[in-house]
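# Commentary on secondary and tertiary structure
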Amino acid sequence: MRDFILAANWKLNKTPSEASQFFRDFSEKLEDRLSLPPTAGGESRDIRGFGEGPNGGRRRIVFFVPALLVATSEQVVKGTGLEIGGQNIWVETKGAFTGENSSDVLNAMGAAWALVGHSERRSIFGETDKHTAQKMKTALTSGLSAMLCVGETLAEREAGETLKVVFRQLEEGLSLIGDVIAKDPSRVAIAYEPVWAIGTGKVATPEQASEVHQALRKRLAEFLGKSQAGAGGADSGTTVASEIALLYGGSVKPDNAKALGSKPDIDGFLVGGASLEPDSFLGLF
Ligand code: PGA
């Protein structure tokens, strides 16, 4: 019973007023889509009941907004069931780390998630596998859920190294949190995002994505079976792995989401460009 998660990655976009406007429009359109009658006082409503995911878990909608927009976003979505996350945290929660974001503060502001290891963090800001491991642990310790991004570059794919790269990123990224995963796998999600598909309009085919997702889930089961998460051995590793949502990301758009989402191992999307307008994001449902 794993969740199906639609996650928006706004990257460095939107002002506070644009974010507020987006959430007002989005909630209204989502309610229309769900055919919910308007509330008497026009107040926001919990729209979490917008459906069960294909694998029996909840359908969830998460917005990874810039840190400076977390407070505004949280204020507008409060009570709607939409979840807010930060796009980056530091490995420590306080201290002499000029310019960084604390996961404790994100949590105190009402955010529910942290995004870790996005390819832009890795390639532009030098985030290493060691950082992702520590950040996943810090996020969970602060009470947040954490989404780990993995994905190969075009050169790595062409060299036949896709699985080697994503397995390494997966195992390193989860290396410090086996115990937390065992207790509550729904606090962790993995996003497979081939770097060559991010922001390029070049989407992985459903078959390409599904092949990697299946391999990732199998490797996840083996890895968890050996770690604390699978204290009961290989079987419990498989059970825990089956509870973790594996999202696809990279040029997901309304015209390709349906085919990708029809693959049983694809448990949602992490979406950049198409998440910036309510209509295109809703078009993925
Ligand atoms: P994209 O971005 O949907 O614009 O390709 C995805 C991401 O970077 O998470």
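Everything below is about the structure printed above this text.
Residues numbered from 1 in each chain as written. Predicted model: local features only at pLDDT ≥ 70, side-chain atom pairs only at ≥ 80, totals over all residues. Heavy atoms only, no water.

Let us now look at the sheet that holds strand β6 (residues 188–192). With respect to topology, eight strands assemble into a closed barrel ordered β1-β2-β3-β4-β5-β6-β7-β8, the strand pairing being parallel. Sheet twist, expressed as the average angle between the axes of neighbouring strands with direction ignored, equals 30°. Pairing of strand β4 (residues 113–116) with strand β5 (residues 145–150), which is carried by four bridges, proceeds in the parallel orientation. Looking at β5, one finds that valine 116 is bridged to leucine 148. (Pairing = 2+ DSSP bridges. Helix = DSSP H or I, 4+ residues; strand = E, 2+ residues; numbered from the N terminus. Axes fitted to C-alpha atoms, helices over the stretch in contact; angles between N-to-C directions.)

Take the nonpolar core next. By size, the foremost hydrophobic cluster in this structure holds 64 residues, and its most contacted members are Phe63, Leu174 and Tyr248. Counting residues per element, this core draws most heavily on helix α9 (residues 206–226), at eight residues. Among residues more than four places away in sequence, those in contact with phenylalanine 63 are Ala8, Trp10, Phe22, Phe23, Phe26, Leu82, Glu83, Ile84, Gly85 and Phe281. The next biggest cluster of nonpolar side chains, apart from the first, holds 13 residues, and it includes Phe64, Trp113, Ala189 and Leu247. (Core = buried A, V, L, I, M, F, W, Y, C linked by side-chain atoms within 4.5 Å. Buried < 20%, exposed > 50% of the residue type's maximum accessible area, 1.4 Å probe, protein only. Contact = heavy atoms within 4.5 Å.)

What follows deals with the site of the ligand. The environment of the ligand is made up of 13 residues, and the closest members are Lys11, His118, Glu193, Gly199 and Ser251. Histidine 118 places a side-chain nitrogen or oxygen 2.7 Å from an oxygen atom of the ligand. At 2.6 Å, a side-chain N or O of glutamate 193 approaches an oxygen atom of the ligand. About the coverage of the ligand: the protein hides 97% of its 280 Å² of free accessible area. When the residues that make up the shell around the ligand are grouped by side-chain class, the tally is four nonpolar, seven polar and two charged. (Near = heavy atom within 4 Å. Polar contact = N/O pair within 3.5 Å; in protein donor to acceptor, adjacent residues only side chain to side chain. Areas by Shrake-Rupley, 256 points an atom, 1.4 Å probe, with all protein chains shown as cover. Nonpolar A, V, L, I, M, F, W, Y, C, P; charged D, E, K, R; others polar.)

Looking at the secondary structure, you find serine 73 in helix α2 (residues 70–77). A C-alpha to C-alpha distance of 20 Å links serine 73 and serine 142, two positions 69 residues apart in sequence. Among all residues touching serine 73, those that are not within four sequence positions of it are Ala19, Phe23, Val65 and Ile84.

By volume, the largest pocket is sized at about 510 Å³. Lining the largest pocket are 19 residues; nearest its centre among them are Lys11, Leu12, Pro66, Gln87 and Arg121. With four residues, the top contributor of residues to the lining of the largest pocket is helix α4 (residues 119–125). A breakdown of the residues in the lining of the largest pocket according to their chemical character gives eight nonpolar, seven polar and four charged. (1 Å grid on protein atoms, 1.4 Å probe; cavity = no way out; pocket = protein on both sides within 12 Å on 5 of 7 lines; lining within 4 Å. Points joined across faces, edges and corners; volume = space filled by probe spheres on them.)

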